[in-house]
Amino acid sequence: DRDGSDWKPNSTRNYKNTRKWMVDYFGENCRLTDITTGDVKRWRRWMEAGDEEKGRKPLSESTSAKHHKRAREMFTEAQNDRLIHENPFRAKISIPVDQEKQFYVSREASTAIIDSCDDLEWKLIFALCRYAGLRCPSEVLALTWQDIQWDAGKFLVRASKTDSERMVPLFPRLRELFDEAWDLAPDNSTYVIRRYRDTEANLRTQLHRIIRRAGIEPWPKAFVNLRASCRTDLERIYPKYICNRWLGHGSAVAERHYLMDTQDEWTRATEVDDFEPSSFGVNSGDIRADHGSSRGPEEEENPVQMTGDDPGQHRRYTRRDSNPQPSVPKAWCLVLNAVRLE
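Residues numbered from 1 in each chain as written. Predicted model: local features only at pLDDT ≥ 70, side-chain atom pairs only at ≥ 80, totals over all residues. Heavy atoms only, no water.

A. Region of the structure containing the overall build of the chain. Scanning the chain from N- to C-terminus turns up 15 helices and 5 strands. A total of 342 residues make up the chain; the buried ones form 35% of that total. Working note: accessible area of the chain is about 22,500 Å², and carbon and sulfur atoms make up 47% of it. (Helix = DSSP H or I, 4+ residues; strand = E, 2+ residues; numbered from the N terminus. Buried < 20%, exposed > 50% of the residue type's maximum accessible area, 1.4 Å probe, protein only. Areas by Shrake-Rupley, 256 points an atom, 1.4 Å probe, with all protein chains shown as cover.)

Below is the structure:
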């Protein structure tokens, strides 16, 4: 067993909860070597099925996958200590994303919620999650005044989840709140957020109260969706690798867990014709000149010449380059032809 001395309280609870689900199914006296890969699959189905008679609610596929992942980590430790030869939980786990719990927090809603906050520190907590994508509470509570590089316009974020550090821009909306908080902070203050440093405090419940005060119905995964909304906004403006550095995760994680299609995209798709030629940077006159008439500009300047008086004779055109280039690049011509055919 790992002593868990370096674990956070939530991690300890999660691993104990996974152990409980394993004991309830396999039994307290089950040996590690007796569990097979087939047993693991049946355990997953058992958790997801539930049992009404025993009052055991069914788990979602995502939750059972998380238990599977923790069990795999525990059995990997046993394998490293040579207590077992192979890990029956070794199968790669793909935790499904529940898109029904994704919620984009608009800038208008964010402004209303910040205005409804009781104090300046809550405004900062919300803004750090929504406009800088910080994880809450770990990264928000770790932020100190020394981490803020005022002249450089950025601040340091310590990510305990990944045991790493990253620099984040001091976005204008954050700068205003930081300036105000700095003016009100007592002398020799260390942490930016001072009042809510108890890691056992339920910040989510308090956030829900603030959201309702703003006249908005609280959304699921309150803080996670603030971070996801931030990533969705930033990716519209900045390259992926920049967003990855600022938020501390990779593109694959962002596309699977954070990026969302918002109402803006749906509105544009239904109201703006993005397939109009003008949206490709080519006006309709260019299209008519190259594709709409039977003769191009060079042919207009050099009209067709006949080889004789007999109209049935073949026409002879003025010699031109063997590989003429259209005024519009070839790739765009293919696109425009496809549009024209439609």
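Text resumes after the structure shown.
B. The pairing of strand β2 (residues 154-159), seen in detail. Relative to β2, strand β1 (residues 148-149) runs antiparallel, the two sharing 2 bridges. Within the sheet, the bridge partner assigned to I148 lies in β2 and is F155. Looking at chain direction, β2 and strand β3 (residues 164-169) are connected through 6 bridges and run antiparallel. The residue of β3 that forms the bridge with L156 is M167. (Pairing = 2+ DSSP bridges.)

C. Main features of the side chain of R44. When you line up the elements, R44 lands in helix α2 (residues 37-49). Under the relative-accessibility criterion, R44 is labelled buried at 16%. The residues contacting R44, other than those within four sequence positions of it, are E61, S64, A65, H68 and I93. (Contact = heavy atoms within 4.5 Å.)

D. Representation of the environment of I211 in the model. Mapped onto the elements, I211 comes out in helix α8 (residues 203-213). Sequence separation between I211 and I113 is 98 residues, and the spatial gap between their C-alpha atoms is 5.8 Å. Other than its neighbours up to four places away in sequence, I211 contacts I113, I216, E217, P218 and W219.

E. Region of the structure containing the sheet that holds β1. With antiparallel pairing, 3 strands are arranged side by side in an open sheet as β1-β2-β3. Here the strands that pair on one side only, and so sit at the sheet edges, are β1 and β3.

F. Summary view of the packing of helix α1 (residues 9-26) against helix α3 (residues 61-80). Viewed as axis vectors pointing N to C, α1 and α3 meet at an angle of 95 degrees, and their least axial separation amounts to 9 Å. In terms of orientation, α1 lies roughly perpendicular with respect to α3. Within the contact between the two elements, α1 uses N14, Y15, N17, T18, W21 and M22 and α3 uses H67, R70, A71, E73, M74 and F75. Across the contact of α1 with α3, the residue classes break down as 6 nonpolar, 4 polar and 2 charged. (Axes fitted to C-alpha atoms, helices over the stretch in contact; angles between N-to-C directions. Parallel < 35°, antiparallel > 145°, perpendicular 65-115°, else oblique. Nonpolar A, V, L, I, M, F, W, Y, C, P; charged D, E, K, R; others polar.)

G. A look at the packing of helix α9 (residues 222-235) against helix α10 (residues 240-247). At a closest axis distance of 10 Å, the pairing of α9 and α10 adopts a crossing angle of 150 degrees. Between α9 and α10, the angle is such that the two are roughly antiparallel. Between α9 and α10 lies a crossing of right-handed hand. Across from R227, R231, L234 and E235 in α9, the residues of α10 making contact are K240, C243, N244, W246 and L247. Counted by class, the contact of α9 with α10 contains 4 nonpolar, 1 polar and 4 charged residues. (Left-handed = near helix turned anticlockwise from the far one by under 90°.)

H. Broad picture of the environment of K57. Inspection of the secondary structure puts K57 in the loop between α2 and α3. The spatial distance from the C-alpha of K57 to the C-alpha of M47 is 8.4 Å, given a sequence separation of 10 residues. Apart from residues no more than four positions distant in its own chain, K57 is found in contact with W21, M47 and G50.

I. Structural view of α2. If you check α2, its first and last C-alpha atoms are 19 Å apart, about what 13 residues at 1.5 Å a residue would give, namely 18 Å. Among the residues of α2, those classed as buried are D39, V40, W43, R44, W46 and M47. Each buried residue of α2 lies within a common arc of 160 degrees when the element is viewed along its axis, so the set occupies one face. Residues of α2 that are exposed and point more than 90 degrees away from the buried face comprise K41, R45 and A49. Each element contacted by the buried residues of α2 is listed here: α1 and α3. (Expected span 1.5 Å × (residues − 1). Arc of directions from axis to C-beta.)

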